[in-house]
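Examining the three-dimensional arrangement
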Amino acid sequence: NTLFAQMARTQRNKATAHHLGLLKARLAKLRRELITPKGGSGGGTGEGFDVAKTGDARVGFVGFPSVGKSTLLSNLAGVYSEVAAYEFTTLTTVPGVIRYKGAKIQLLDLPGIIEGAKDGKGRGRQVIAVARTCNLILIVLDVLKPLVHKKLIEHELEGFGIRLNKQPPNIGFKKKDKGGINFTATCAQTELDAETVKSILAEYKIHNADITLRSDSTADDLIDVVEGNRVYIPCIYVLNKIDQISIEELDIIYKVPHCVPISAHHRWNFDDLLERMWDYLQLVRIYTKPKGQLPDYTSPVVLPDGRTAVEDFCLKIHKNLIKEFKYALVWGSSVKHNPQKVGKDHVLEDEDVIQLVKK
Ligand SMILES: *[C@@H]1O[C@H](CO)[C@@H](O)[C@H](O)[C@H]1NC(C)=O
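Summarised in this report is the structure supplied together with it. Predicted model only: the values in this text are computed from it and were never measured.

The rules behind the values
Per chain, residues are indexed from 1 in the order of the written sequence. Totals for whole chains, interfaces and linings use every residue, but because this is a predicted model, local features are given only for residues with pLDDT of at least 70 and side-chain atom pairs only at 80 or more, for both listing and counting. Values shown for side chains rest on all heavy atoms present in the structure; no hydrogens or waters enter the calculation. Definition of nearness: a residue and a molecule or strand are near each other if at least one heavy atom of the residue lies within 4 Å of the molecule or strand. Any pair of N or O atoms that falls within 3.5 Å is considered a polar contact. Within protein, one atom must be able to donate a hydrogen and the other to accept it, and sequence-neighbouring residues count only if both atoms are side-chain atoms. Only the protein chains shown count as cover for residues, and the accessible areas themselves come from Shrake-Rupley with a 1.4 Å probe. Under the scheme applied, nonpolar residues are Ala, Val, Leu, Ile, Met, Phe, Trp, Tyr, Cys and Pro; charged residues are Asp, Glu, Lys and Arg; polar residues are all the others, including Gly. Residues enter a nonpolar core if they are buried and are Ala, Val, Leu, Ile, Met, Phe, Trp, Tyr or Cys, with the set joined through side-chain atoms within 4.5 Å. Exposure categories follow from relative accessible area, calculated using a 1.4 Å probe and restricted to protein chains: below 20% of the type maximum is buried, above 50% is exposed, and the middle band is partly exposed. What counts as a helix is a DSSP run of H or I of at least four residues, what counts as a strand is a run of E of at least two, and both are numbered from the N terminus. Here, any two strands with at least 2 DSSP bridges between them count as paired. Convention adopted: a line fitted to C-alpha atoms gives each axis, helices being fitted over their contacting stretch, and angles between N-to-C directions are expressed from 0 to 180 degrees. The sense of a crossing depends on the near helix, which, turned anticlockwise from the far helix by less than a right angle, makes the crossing left-handed and, turned clockwise, makes it right-handed. Any pair of residues with heavy atoms lying within 4.5 Å of one another is described as a contacting pair. In this context, the arc is that of the directions from the helix axis out to the C-beta atoms.

Attention shifts here to the site of the ligand. In the vicinity of the ligand, the residues found are K176, N182, D210 and T212. K176 places a polar side-chain atom, nitrogen or oxygen, 2.9 Å from an oxygen atom of the ligand. Between the ligand and N182 there is a distance of 2.3 Å, counted from an oxygen atom to a side-chain nitrogen or oxygen. Within the complex, the protein chains bury 36% of what would otherwise be the 360 Å² of accessible surface of the ligand. Here the shell around the ligand is composed, by residue class, of no nonpolar, two polar and two charged.

And the structure:
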């Protein structure tokens, strides 16, 4: 009897998962419109890349009005900025480029993410395009009412194909010309089965593909992989106005993952916030050493984690430099001997020193 009830429940759960999966696929398709940059007017991703050149990393700030986002931005930029505010697009401003540990970090206000960017018209679309190019997103919350705002903002960002503090799903997906849906799961699945996977794929008119679920996956995960236009961005929740809570409450807040409590007004805890930003950005600083001179420790070449080969370093300096590259001498944690002769594929680590030798 209990087994029967359990089976019925499982079947019901599976059926619900099945329907929900389908609906989610339909919603995702509707929303794709918003993410795909339109050519011509309204601003595409091109602008985003232009701005990236002025800094080593871009941090986008999102928050409801009156949570203190502007105060935070202007106080942070005011204290640490070396470049004046400038208008970035017609509706986003770069309040400042701060220099931290030798890296230039853009602080970028992202207005309109909440106020109806959903409609996908001009303004909203532009902000979404910029948001998707950020290396880190800071969601600014009022410590007195954080949860509702947090949910709403996360929901909006999710809708724009932005995944916060998440790794890409571990799903293998390969479209084919024939052979039907070849479904493999290498571990137990609580939500997806062959049928649900098939019908979600059918929503996308995909009838022939290899699908391998390598971790316990959800319909959302599968949809993310099929849509393929998701960006995975680290996120920090900045809890502002901690001058209005008790010490006991502060104790609790400090333990919440990805949260940093601050007071933008009193400029409290900015050092912790910056340190956390630095951790999440995972930037790698490389110091250059001209031949016969000491390394230049004042202005490192800053690379994003995962793209720190010597070749990436050369590309960051000049796009043609690699053509003249013969080898490099490297000092630091990425090598066994100091210095060590390396080729263009050698992967550099934070605070390495490099000297390029040209042909
Ligand atoms: C099914 O997919 C797996 C994993 O991608 C692959 O190794 C296998 O060859 C596929 N089988 C067929 C019949 O295509």
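Before going further, it helps to spend a moment on the nonpolar core. Ranked by size, the top nonpolar core spans 56 residues in total, and within it L72, L107 and L273 carry the most contacts. Membership of the second largest hydrophobic core comes to 18 residues, among which are A28, I171, L201 and L222.

Before going further, it helps to examine the pairing of strand β1 (residues 57–63). Counted residue by residue, β1 has seven buried out of seven residues, so it is predominantly covered. Side chains A57, V59, F61 and G63 project from β1 onto one buried face, and the interleaved R58, G60 and V62 project onto a second face that is buried too. Both β1 and strand β6 (residues 103–109) contribute to a ladder of five bridges, which runs parallel. Along β6, the bridge assignment pairs F61 with D109.

Bringing the packing of helix α6 (residues 194–203) against helix α7 (residues 219–227) into the picture now. It is at 11 Å that the axes of α6 and α7 come closest, and there the two elements cross at 40°. Here α6 runs over α7; the crossing is right-handed. Contacts between α6 and α7 involve V197, I200 and L201 from the first element and A219, L222, I223 and V226 from the second. Looking at side-chain class alone, the contact of α6 with α7 contains seven nonpolar, no polar and no charged residues.

A word on helix α10 (residues 310–317). By the burial criterion, the buried members of α10 are V310, F313 and C314. Looking straight down α10, one finds its buried side chains confined to an arc of 95°; they lie on one side. Here the buried face of α10 lies against β15 (283–288), β16 (301–304), α11 (321–324), β17 (325–331), β18 (340–342) and β19 (352–358).

The quantities given are spatial measurements derived from coordinates; they are silent on function.
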